[in-house]
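# Understanding the architecture of this molecule
Spelled out from the first residue to the last, the chains are:
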Amino acid sequence: MRTKRLPRDPGPAGWDRLLPTRRPKASLEGALEADWLVIGAGFAGLGAVRRLAELNPGDRIVLLEATHVGSGPAGRNSGFMIDLPHDITSEDYGGDFAKDRAQIAANRHAISFATRMAEEFGLGRDVFDPCGKINGAATEKGDRNNRRYAQHLRDLGEEHQILDQQDMAGITGTTYYQSGLFTPGTVIIQPAAFVRSVARRLISNRVTLFEDSPVTALEAVDGGWMAQTPAGSVRAGKVILAVNGHLESFGFKPRQLMHVFTYASMTRALTEDEVTRLGGNESWGITPADPLGTTVRRISGQGGHRIVIRN
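The following paragraphs examine the structure supplied in this document. (Residues numbered from 1 in each chain as written. Predicted model: local features only at pLDDT ≥ 70, side-chain atom pairs only at ≥ 80, totals over all residues. Heavy atoms only, no water.)

## Quick look at the layout of surface pockets
- For the second largest pocket, the calculated volume is near 320 Å³.
- Together, 19 residues line the second largest pocket, and A138, Y176, Y177, T294 and V296 are the ones closest to its centre.
- Counting only elements with at least two residues in the lining of the second largest pocket, the list comes to β5 (133-137), β14 (284-288) and β16 (306-310). (1 Å grid on protein atoms, 1.4 Å probe; cavity = no way out; pocket = protein on both sides within 12 Å on 5 of 7 lines; lining within 4 Å. Points joined across faces, edges and corners; volume = space filled by probe spheres on them. Helix = DSSP H or I, 4+ residues; strand = E, 2+ residues; numbered from the N terminus.)

## Focus on the sheet that holds strand β1 (residues 30-39)
- The six strands are arranged β9-β2-β1-β12-β11-β10 in an open sheet whose pairing can be described as mixed. Each edge of the sheet is formed by a strand with only one pairing partner; in this case those strands are β9 (207-210) and β10 (217-221). Neighbouring strand axes in the sheet, compared pairwise and without regard to direction, differ in orientation by 40 degrees on average.
- The pairing of strand β11 (residues 224-229) with strand β12 (residues 232-241) spans five bridges and is antiparallel. The residue bridging W225 from the neighbouring strand is A236, located in β12. (Pairing = 2+ DSSP bridges. Axes fitted to C-alpha atoms, helices over the stretch in contact; angles between N-to-C directions.)

## Section: the nonpolar core
- Of all hydrophobic cores here, the largest spans 37 residues; its most connected members are I61, M81, F128 and F194.
- Of all the secondary-structure elements, those providing two or more residues to this core are β1, α2 (43-55), β2 (61-64), α3 (97-120), β8 (187-189), α6 (191-202) and β9.
- Sorting elements by how many residues they give to this core places α6 first, with seven residues.
- Ignoring anything within four residues of it in the chain, the contact list for M81 reads F43, I111, A114, F128, G185, T186, V187, I189 and F194.
- In terms of nonpolar packing, the next biggest core, distinct from the first, is built from 15 residues, L28, I39, V215 and A227 among them. (Core = buried A, V, L, I, M, F, W, Y, C linked by side-chain atoms within 4.5 Å. Buried < 20%, exposed > 50% of the residue type's maximum accessible area, 1.4 Å probe, protein only. Contact = heavy atoms within 4.5 Å.)

This is how it looks when you write it as structure tokens:
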């Protein structure tokens, strides 16, 4: 079947713009054969390639990316790899204990997988920082939400710490937050730097990446699959679709997926005087205690000191 639509980004990705310009890999031209075809070079696609290479050391893997690695959705998120469940429709942000424990185990397995790659590929803390995160409460409602969530975490036996306004001011440099709830298991990443680094290190004589190579058609043929791109094709025994909401474009999950876009703003690099006046820690991440609140990060390192705000 022909794909119904192709990925379309709304403009440059801020995280990607903080990094040195890179030359994309060539687009696919001509016909190739592979054991595995992975479509989409985001977190899921790169993770799949990594695991396939570990489990099938003799197989050839082709990875197709419609745009450029780091410029699509994988390079546009807030960069929080969160281990704990956070159900904003629940009064205490928790759910059924058995389901929460299963989700925590799955989340931590994924974080551990990413951690191994970060360590092997030598990614610094400006790219992959296991610093935990804070639920920041700017209102009494948010503070109540945090305390209910803390009770749920106690019942789960999960480590956490309640922070008062003075604690929050010491971390952020502002008295805006009334309180906070710190949990240590989150990793905060520079998402574009992470996926670009992983993609570069995964390429080998068995793993080939093609960028600017959107799949325009995917057909089952003779016990395998044939994927068409604007200038080439790949025939593979097995295909992994790592395309997020674009599953519908390939005919899967019709009318079952809702596309949600949340946009963020990033300041210019702060001056030395502004950094001094702001105070606080050089890097932190805050998710809102109120479901309608704002996610805020302070970043440092490549690209300078900046504040990122998403609401």
